[in-house]
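So you can see what is in the structure, the chains are spelled out below.
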Amino acid sequence: QVQLVESGGGLVQAGGSLRLSCAASGGTFSSYAMAWFRQAPERQRQFVAGINWSGGIRSYLDSVKGRFTISRDNAKNTVYLQMNSLKPEDTAVYYCAADPKGSSVAATRNEYFYWGQGTQVTASS
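Residues numbered from 1 in each chain as written. Predicted model: local features only at pLDDT ≥ 70, side-chain atom pairs only at ≥ 80, totals over all residues. Heavy atoms only, no water.

**Some words on the packing of aromatic side chains**
Evaluation of the coordinates by the stated rule reveals six aromatic pairs. Each ring, one from Phe37 and one from Phe47, has its centre 5.7 Å from the other, and the planes form 80 degrees; the classification is edge-to-face. Pair noted here: Phe37 is in strand 4 (residues 33–39) and Phe47 is in strand 5 (residues 46–51), with a separation of ten residues, a long-range link. Note on accessibility: Phe37 and Phe47 belong to one class, buried. The interplanar angle of 75 degrees and the centroid separation of 5.3 Å between the aromatic rings of Phe37 and Tyr112 together place this pair among those described as edge-to-face. Taken together, the residues Phe37 in strand 4 and Tyr112 in the loop between strand 9 (92–99) and strand 10 (114–115) connect sequence positions 75 residues apart. The exposure class assigned to Phe37 is buried, which follows from its relative accessible area of 1%. Sitting over the face of the ring of Tyr95, Arg45 holds its NZ or CZ atom 3.7 Å from the ring centroid. Cation over ring: Arg72 sits above Phe29, and NZ or CZ is 4.5 Å from the ring centre. (Phe/Tyr/Trp six-rings, centres within 6.5 Å; stacked < 30°, edge-to-face > 60°. Helix = DSSP H or I, 4+ residues; strand = E, 2+ residues; numbered from the N terminus. Buried < 20%, exposed > 50% of the residue type's maximum accessible area, 1.4 Å probe, protein only. Lys NZ or Arg CZ within 6 Å of the ring centre and 35° of its normal.)

**Let's talk about the nonpolar core**
With 28 residues, the main nonpolar core has Leu4, Met34, Trp36, Val79, Leu81, Met83 and Tyr94 as its most contacted residues. Counting only elements with at least two residues in this core, the list comes to strand 3 (18–25), strand 4, strand 5, strand 7 (68–73), strand 8 (78–83), strand 9 and strand 11 (119–124). Counting residues in each nonpolar core, the second largest holds seven residues, with Ala35, Phe47, Ala97 and Tyr112 among its members. (Core = buried A, V, L, I, M, F, W, Y, C linked by side-chain atoms within 4.5 Å.)

**Re the pattern of salt bridges**
This model, assessed by the stated rule, comprises five salt bridges. Of the charged contacts in the structure, one is a salt bridge between Lys65 and Asp62, with a shortest N-O distance of 3.0 Å. The class of Asp62 is exposed, set by a relative accessible area of 61%. Where Arg67 meets Asp90, a salt bridge forms, and the shortest distance between an N and an O atom there is 2.8 Å. Here Arg67, found in the loop between strand 6 (58–60) and strand 7, pairs with Asp90, found in the loop between strand 8 and strand 9; they are 23 residues apart in sequence, far enough to count as distant. (Salt bridge = Lys/Arg side-chain N within 4 Å of Asp/Glu carboxyl O.)

**Some thoughts on the pairing of strand 3**
In the case of a regular strand, side chains alternate between the two sheet surfaces. As paired strands, strand 1 (residues 3–7) and strand 3 are joined by five bridges and run antiparallel to one another. Paired with Ser7 across the bridge in strand 3 is Ser21. One ladder, built from six bridges, connects strand 3 with strand 8; its direction is antiparallel. Within strand 8, the residue paired with Leu20 across the bridge is Leu81. (Pairing = 2+ DSSP bridges.)

Printed below as a string of structure tokens:
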């Protein structure tokens, strides 16, 4: 059973930065595509960024392009989301997810089989 544990969330002022981490255990992390989703109150969970198993394919939500960067360290079984220039509209619970079909990056939540418990990110204006 794969377990994903997110960390790094918090409260920052608009324009600030945070780095989220997601540590995986119990599976073959290096073969999975990984992604970050977010969900604000009363909103649908949305894809934010994804990376395939090798790191050679990365995909981003249009509104975070140029501000957020997804990366992974297969030796540490960890995926990261560096978030810069945070805006109040980035406020949400951020979830890490794993797709065993690791060669490409899917932007739909039903492609991801494993999920973390989420970490709150709040950017205040």
